[in-house]
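# Geometric and topological summary
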Amino acid sequence: MLFGEALWERTPTDGELALFHGGGRREHHVELAALVEAATRVGFRPLRVHTATPVEWEDFESAHLAAAEAWLMAHAGEGRAEGVRASVEAFRQAYLRVGRRIQGLAYLLLGRPRGT
């Protein structure tokens, strides 16, 4: 099974968590070792463990923001546009100020032993 999950590259400080949109929480993610340990606890074996490079992570987040910005440009006059704009701006600020330094993405290729 291919499993992808956001993770902490390092444990964030309280100040860093406060900058996340809606207030981040440490339990939203774990560090890589804890993610692999969680997979093994439920019976999977890690065949490959990778993390996204900084460029891949930026591409992922930029694509997410680009889609929201494109929607905003096409629907600027709609009633919910202001709420979407505020949410996008908060996300962007959190990502640029702290997220890109402490968050990452793991790709785990997991197998399960026969008979389990």
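Everything below is about the structure shown above.
Residues numbered from 1 in each chain as written. Predicted model: local features only at pLDDT ≥ 70, side-chain atom pairs only at ≥ 80, totals over all residues. Heavy atoms only, no water.

### Here we look at the packing of aromatic side chains
What counts, and what does not: When the centres of two rings from Phe, Tyr and Trp lie within 6.5 Å, Trp using its six-membered ring, the rings pair. Their planes under 30 degrees apart give stacked, over 60 give edge-to-face, and anything left gives tilted. Two conditions define a charge located above a ring, namely a distance within 6 Å from the ring centre to NZ of Lys or CZ of Arg, and an angle within 35 degrees of the ring normal.
In this structure the tally under the stated criterion is one aromatic pair. Arg112 extends its terminal NZ or CZ atom over the ring of Phe44, reaching a point 4.1 Å from the ring centre.

### Regarding the pattern of salt bridges
Heads up, the condition is: In what follows, salt bridge is the name for a side-chain nitrogen of Lys or Arg lying within 4 Å of a carboxyl oxygen of Asp or Glu. Each residue gets one of three labels from its accessible area relative to the maximum for its type: buried under 20%, exposed over 50%, partly exposed in between, using a 1.4 Å probe on protein chains only. Per the convention used, a helix needs a DSSP run of H or I reaching at least four residues, while a strand needs a run of E reaching at least two, with both numbered from the N terminus.
This structure, assessed with the given rule, holds seven salt bridges. With its nearest N and O atoms 2.6 Å apart, the salt bridge here joins Glu16 to Arg10. Exposure remark for Arg10: the relative accessible area of 34% places this residue in the partly exposed category. Close ionic contact of Glu89 with Arg92 constitutes a salt bridge, the shortest N to O distance being 2.9 Å. Of this pair, Glu89 and Arg92 both sit in helix H4 (residues 81-102), three residues apart, which is roughly one turn of the helix.

### Some remarks on the environment of Ala90
Looking at where Ala90 falls in the secondary structure, it is placed in helix H4. For Ala90, a relative accessible area of 24% gives the class partly exposed.

### Let's talk about the packing of helix H3 (residues 54-74) against H4
Heads up, the rule is: Interaxial angles span 0 to 180 degrees and are taken between N-to-C directions of axes, which are lines fitted to C-alpha atoms, for helices over the stretch in contact. Relative orientations are named as follows: roughly parallel for angles under 35 degrees, roughly antiparallel for angles over 145 degrees, roughly perpendicular for angles from 65 to 115 degrees, and oblique for any other angle. In this scheme the handedness of a crossing depends on how the near helix is turned from the far one: anticlockwise by less than a right angle means left-handed, clockwise means right-handed. Any two residues whose heavy atoms approach within 4.5 Å at even a single point are treated as in contact. All residues other than Ala, Val, Leu, Ile, Met, Phe, Trp, Tyr, Cys, Pro, Asp, Glu, Lys and Arg, Gly among them, are scored as polar; the first ten of these are nonpolar and the last four charged.
Put simply, H3 and H4 touch, their axes get as near as 10 Å, and they point 160° apart. Taken as axis vectors, H3 and H4 run roughly antiparallel relative to one another. The element H3 and its partner H4 pack so that their crossing is left-handed. Contact with H3, carried on its side by Trp57, Glu58, Glu61, His64, Leu65, Ala68, Glu69, Trp71 and Leu72, involves Ala81, Val84, Arg85, Val88, Phe91, Arg92, Tyr95, Gly99 and Arg100 of H4 and no other residues of that element. Residue composition of the contact of H3 with H4, by class: ten nonpolar, two polar and six charged.

### Details of the side chain of His29
Note on placement: His29 falls in the loop between helix H1 (14-18) and helix H2 (32-41). The buried category is assigned to His29, whose relative accessible area is 18%.

### Side note on H2
As a reminder of what qualifies: Arc, as used here, means the arc of the directions from the helix axis to the C-beta atoms.
Listed in full, the buried residues belonging to H2 are Leu35, Val36 and Ala39. Along the axis of H2, the buried residues cluster in a sector spanning 95°; they form a single face. In this structure, the buried residues of H2 make contact with strand E1 (2-8), strand E2 (45-51) and strand E3 (103-111). Of the residues flanking the end of H2, it is Gly43, one or two places downstream, whose phi is positive at about 100°.

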